[in-house]
Amino acid sequence: MTESSKAIYVGLDVHKESIAVAYAPDDRGAEVVSLGTIGPRQCDIDKLIRQLQSKGARLVFVYEAGPCGYGLYRYLTRKGLVCHVVALSLIPRKPGDRVKTDRRDAMALARLMRSGDLTSIYVPQVEDEALRDLSRGREDAMDDLKRSKRRLKSFLLRHDIRYEGRANWSAAHLRWLSEVVCPTAPQQIVSRSRVTTPAARGVRSPRRRPAAS
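In this report, we go over the structure that sits alongside the text.

Calculation rules
- Residues numbered from 1 in each chain as written.
- Predicted model: local features only at pLDDT ≥ 70, side-chain atom pairs only at ≥ 80, totals over all residues.
- Heavy atoms only, no water.
- Helix = DSSP H or I, 4+ residues; strand = E, 2+ residues; numbered from the N terminus.
- Buried < 20%, exposed > 50% of the residue type's maximum accessible area, 1.4 Å probe, protein only.
- Contact = heavy atoms within 4.5 Å.
- Areas by Shrake-Rupley, 256 points an atom, 1.4 Å probe, with all protein chains shown as cover.
- Salt bridge = Lys/Arg side-chain N within 4 Å of Asp/Glu carboxyl O.
- Expected span 1.5 Å × (residues − 1).
- Arc of directions from axis to C-beta.
- Pairing = 2+ DSSP bridges.
- Core = buried A, V, L, I, M, F, W, Y, C linked by side-chain atoms within 4.5 Å.
- Axes fitted to C-alpha atoms, helices over the stretch in contact; angles between N-to-C directions.

**Examining the overall build of the protein**
Step number 1: Within the protein, the secondary structure is distributed over 6 helices and 5 strands.
Step number 2: What you see in the protein, going N to C, is helices and strands ordered as β-β-β-α-β-α-β-α-α-α-α.
Step number 3: The proportion of buried residues among the 213 residues of the protein is 33%.
Step number 4: Counting only contacts in the protein whose residues sit at least 6 apart along the sequence, the fraction spanning at least 24 positions is 55%.
Step number 5: When the accessible surface of the protein is totalled, it reaches about 14,000 Å², and 51% of it is carbon and sulfur.

Right, here's the structure in full:
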């Protein structure tokens, strides 16, 4: 195997403020090497890339999917580098291996990538992820609205304030809510704060705007 055809498998344990780095040479008998931690900024990543490329081998990066998303994957692949993202649930674990540190996790990722024991997950395109975020955002907004309604109804029922109309959350109901008078000033403040949320959101479902022609 020529030097240029060899690979270095780089395990990254990615967090908001730091990334633990380890690499495994192509030789199965070689030890996995920990490089400590680096910052999460692009300049920190670039410095790491230069350091590893100086070894004259092809770089294969791998990290675990998590709250930091796919930005690192996209940054590395835009540079023409190979990067894999794996799911925590699909990472093999030794029985009884309960000690979990950033350093150990990075080293395990590098070693398992070298041995072929990791399965990559699908990384969505930016446009696909944007639609997914839109869908989740709508669901979150509707869940928040439902909770706000429940809190308001519970508050009014607790103080025996009842709506005699027909349909809840109609225009007439919202007008009635805005005119509710509570027994005390503190309760009136609570009522106004409870009313504001459903009324301000207008109980409408967010709709996507049509694409510009």
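**Topic: the pattern of salt bridges**
Step number 1: Per the counting criterion, the structure on display carries 6 salt bridges.
Step number 2: The partner of Arg41 in a salt bridge is Asp44, with the nearest N and O atoms 3.2 Å apart.
Step number 3: Overall, the relative accessible area of 16% leaves Asp44 in the buried class.
Step number 4: Where Lys79 meets Asp46, a salt bridge forms, and the shortest distance between an N and an O atom there is 3.4 Å. Note that Lys79 is positioned in the loop between α2 (71–78) and β5 (82–86) and Asp46 in helix α1 (residues 42–53), a separation of 33 residues in sequence.

**Some points on α1**
Helical periodicity: at 3.6 residues per turn, an α-helix aligns residues three or four positions apart in one direction.
Step number 1: For α1, built from 12 residues, the straight-helix expectation of 16 Å at 1.5 Å per residue is met to within 8% by its first-to-last C-alpha distance of 16 Å.
Step number 2: Taken together, the buried positions of α1 are occupied by Asp44, Ile45, Leu48, Ile49 and Leu52. Viewed end-on, α1 has its buried residues packed into an arc of 140 degrees, placing them on one side of the element. The exposed set on the far side of α1, more than 90 degrees from its buried face, consists of Lys47 and Arg50.
Step number 3: Elements that come into contact with the buried residues of α1 comprise β1 (7–14), β2 (19–25), β3 (33–38), β4 (58–64) and α2.

**Here we look at the pairing of β5**
Step number 1: Where β4 and β5 come together, 5 bridges link them in parallel fashion. Note that in β5 the partner of Phe61 across the bridge is Cys83.

**Quick look at the nonpolar core**
A general feature of soluble globular proteins is that nonpolar side chains tend to end up buried together.
Step number 1: Among the nonpolar cores identified, the biggest contains 22 residues, and Val10, Leu12, Phe61 and Leu76 are the most heavily contacted of them.
Step number 2: At the level of secondary structure, the elements contributing two or more residues to this core comprise β1, β2, α1, β4, α2 and β5.
Step number 3: In terms of residues, this core owes the most to one element, α1, which gives 4 residues.
Step number 4: Ranked by size, the runner-up nonpolar core spans 17 residues in total, among them Ala24, Leu109, Ala110 and Met113.

**Considerations on the sheet that holds β3**
Step number 1: In spatial order, the strands read β3-β2-β1-β4-β5; together these 5 strands make up an open sheet with mixed pairing. Whereas interior strands pair on both sides, the edge strands pair on one side only; in this sheet they are β3 and β5. Sheet twist, expressed as the average angle between the axes of neighbouring strands with direction ignored, equals 20 degrees.

Function-wise, these values are silent; they only describe arrangement.
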